[in-house]
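Summary of the model geometry
So you can see what is in the structure, the chains are spelled out below.
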Amino acid sequence: MDLGIKGKRALVCAASKGLGRGCAEALAEAGVALVLNARGASALEETAQAIRARYGVEVTTVAADITSEAGRAQVLAAAGPVDILVTNAGGPPPGMWSDWEREDFIRALDANMLTPIALMKALLPGMMAQGWGRVINITSASVRAPIGVLGLSNAARSGLTGYVAGTARQVAPQGVTINNLLPGIHDTDRAAALDGAVMQAQGIPLDEARAQRMATIPARRYGTAAEFGAACAFLASQHAGFIVGQNLLLDGGAFHSTV
Ligand code: NAP
C-alpha cells in the first residue's frame with residue numbers, strides 16, 4: 001500500500017532501539033525523512049546509518065535526553081518544522097505501590113506525560129498552520145489494564161491519554177491527527193529488563209519468567225518492533241486522516257474485552 005507520505009519529515013524520539021526504531025524504519029520505508037533522537041550517540045548513529053543505507057532517506061540525529069528541557073530544546077532546534085511527530089522515551093522502573101515517593105512520580109510524569117505534551121505544544125502550531133500533521137504517542141497497554149508493578153507508568157501514561165483525548169479534538173479541524181499506540185509486551189530491551197525483574201522477584205530462571213509472561217498472551221509470543229512500526233506508519237499515513245484521538249492496543253489479545 002502506498003502510504004502517501006513520501007517526502008514528509010518526521011521527528012521520532014527515543015529511536016535508536018526497540019519500538020522507536022521500529023517506527024523510524026517503517027516511516028523510512030514509506031519515504032519519510034527522519035530526525036532521530038536517543039541519549040547514546042553511538043547506537044543512534046549506527047541506527048541512522050543502517051536506515052540511510054537501507055531506505056535512502058535523509059536521517060538527522062540528535063543525541064540528547066528527550067525528558068530534559070535542555071535535551072528537548074536541542075532536538076526541536078535540530079528538527080525544525082516537521083509533518084509527523086512520534087513521541088517516546090524510556091519507561092519508568094517497576095516496583096511496589098509503597099516504594100514510590102513524590103520525586104519518583106515527578107520523574108515518571110516528566111518522562112512519560114509532560115515530555116510528549118511539551119513536544120506537541122512546540123510542533124502542533126506548525127502542523128496546524130500547514131493544514132496537515134500527524135502525532136503518534138507511544139504509551140502502553142497499561143493505560144487499558146493496569147500493570148501492578150508499573151504503577152508509575154500506569155499513572156503517567158493515563159495522564160497523557162486524558163490530555164490527548166481533549167487535544168486531538170481541538171487540532172483535528174486543521175487536518176492534524178493525534179493518536180496513541182499502546183504496546184503490550186514486545187521483544188525489545190525493555191521487555192528483557194522486565195523479564196529479568198520477574199526472574200528476580202520469583203527466583204526462577206529467565207526462560208521460565210519469559211514463558212510465564214508469554215503464556216498471558218493469546219498469540220503466545222511477544223510482538224515485534226517491525227509490526228509496531230507498521231502500525232505507526234499507517235497512523236501517520238494519508239489513509240488515517242479520519243482516525244482521531246484513538247488508542248490502538250497492540251498486545252496479541254492479552255487484554256480481554258468484547259469491544
Ligand atoms: P527499549 O528497547 O529499551 O528502547 C528505548 C529507546 O529509547 C532506546 O533507543 C533508548 O536509547 C531511548 N531512550 C530511552 N530513554 C531516553 C531518553 N530519556 N531520551 C531519549 N531517548 C531515550 O524500549 P522499548 O521497548 O522500545 O520501549 C519504548 C517505550 O514503550 C517505553 O516507554 C516502554 O516503557 C514502552 N513500552 C514497552 C513495552 C515493551 O514490551 N517493549 C510495553 C509497554 C510499553 P538511549 O538509552 O541511548 O537513550
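Overview of the structure.

Rules of the game
Residues numbered from 1 in each chain as written. Predicted model: local features only at pLDDT ≥ 70, side-chain atom pairs only at ≥ 80, totals over all residues. Heavy atoms only, no water. Helix = DSSP H or I, 4+ residues; strand = E, 2+ residues; numbered from the N terminus. Rg over C-alpha atoms; globule rule 2.2 N^0.38 Å. Buried < 20%, exposed > 50% of the residue type's maximum accessible area, 1.4 Å probe, protein only. Contact = heavy atoms within 4.5 Å. Areas by Shrake-Rupley, 256 points an atom, 1.4 Å probe, with all protein chains shown as cover. Lys, Arg positive; Asp, Glu negative; His and termini not counted. Charge placed at Lys NZ, Arg CZ, Asp CG, Glu CD. Core = buried A, V, L, I, M, F, W, Y, C linked by side-chain atoms within 4.5 Å. Pairing = 2+ DSSP bridges. Right-handed = clockwise from strand over helix to strand, strands pointing away. Salt bridge = Lys/Arg side-chain N within 4 Å of Asp/Glu carboxyl O. Near = heavy atom within 4 Å. Polar contact = N/O pair within 3.5 Å; in protein donor to acceptor, adjacent residues only side chain to side chain. Nonpolar A, V, L, I, M, F, W, Y, C, P; charged D, E, K, R; others polar. Axes fitted to C-alpha atoms, helices over the stretch in contact; angles between N-to-C directions. Parallel < 35°, antiparallel > 145°, perpendicular 65-115°, else oblique. Left-handed = near helix turned anticlockwise from the far one by under 90°.

**Overview of the overall build of the protein chain**
Across its full length, the protein chain carries 8 helices and 7 strands. On C-alpha atoms alone, the protein chain measures out to a radius of gyration of 18 Å, which is about the 18 Å that the 2.2 N^0.38 rule sets for 259 residues. With respect to the principal axes defined by its C-alpha atoms, the protein chain has extents near 55 × 40 × 40 Å. Burial statistics for the protein chain: of 259 residues in total, 47% are counted as buried. Restricting to contacts in the protein chain with at least 6 residues of sequence separation, those with at least 24 account for 72%. As displayed, the protein chain offers around 12000 Å² of accessible surface, 57% of which is attributable to carbon and sulfur atoms. Averaging the coordinates of the 21 positive side-chain charges in the protein chain and doing the same for the 21 negative ones gives two points 6 Å apart.

**Remarks on the nonpolar core**
Ranked by size, the top nonpolar core spans 34 residues in total, and within it I5, V12, L27, L34, L36 and I84 carry the most contacts. Of all the secondary structure elements, the ones that give two or more residues to this core are β1 (9–12), α1 (18–29), β2 (33–38), α2 (41–55), β4 (84–87), β5 (133–138) and α8 (225–236). Contacts of V12, omitting those with residues within four sequence positions, involve G20, C23, A24, L27, L34, V35, L36, N37 and V86. Formed by 26 residues, the second largest nonpolar core is a distinct cluster that contains L11, I66, I117 and V164.

**Some words on the pairing of strand β3 (residues 59–63)**
Bridge count between β2 and β3: 5 bridges; the pairing is parallel. Looking at β3, one finds that V35 is bridged to T60. Of the crossover connections in this fold, the one passing from β2 over α2 to the parallel β3 is right-handed.

**Some points on the side chain of D83**
Inspection of the secondary structure puts D83 in the loop between α3 (69–79) and β4. If near-sequence neighbours (up to four positions away) are discounted, D83 is found in contact with K8, R9, M127, Q130, W132, G133 and R134.

**Re the environment of S237**
Structurally, the position occupied by S237 is in the loop between α8 and β7 (247–250). With relative accessibility at 0%, the residue S237 sits in the buried group. Between the C-alpha atom of S237 and that of C23, which follows or precedes it by 214 residues, the distance is 12 Å. Excluding anything up to four places from it in sequence, S237 contacts L3, I5, W132 and R134.

**Notes on the pattern of salt bridges**
When the charged atoms of two side chains with opposite charge come close together, those side chains can pair. Under the definition given, this model contains 9 salt bridges. Where salt bridges share partners, they join D187, D195, R210 and R213 into one cluster.

**Some words on the site of the ligand**
Among the 28 residues in the neighbourhood of the ligand, the closest are listed as S16, L19, A89, H186 and T188. Residue L19 places a main-chain N or O atom 2.7 Å away from an oxygen atom belonging to the ligand. One of the backbone N or O atoms of D189 is found 3.4 Å from an oxygen atom in the ligand. Burial of the ligand by the protein amounts to 89% of the accessible area it has alone, namely 890 Å². Listing elements by their share of the shell around the ligand, those giving two or more residues are α1, β2 and α6 (189–202). Here the residues of the shell around the ligand sort into 9 nonpolar, 13 polar and 6 charged.

**Points about the packing of helix α4 (residues 102–130) against helix α5 (residues 151–171)**
Contact geometry of α4 with α5 gives a least axis separation of 8 Å together with a crossing angle of 15 degrees. The angle between α4 and α5 places the two elements in the roughly parallel class. Seen from above, α4 lies across α5 with right-handed handedness. Along its contact with α4, which presents D104, F105, A108, L109, N112, M113, P116, I117, M120, L124 and M128, the element α5 presents L152, A155, A156, R157, G159, L160, Y163, V164, T167 and V171. When grouped by side-chain class, the residues that make up the contact of α4 with α5 number 16 nonpolar, 3 polar and 2 charged.

**Observations concerning the pairing of β1**
As paired strands, β1 and β2 are joined by 4 bridges and run parallel to one another. Paired with L11 across the strands is V35, a residue of β2. Note on the crossover from β1 through α1 to β2: the handedness is right-handed. In this sheet, β4 lies alongside β1 in parallel orientation, the contact comprising 3 bridges.

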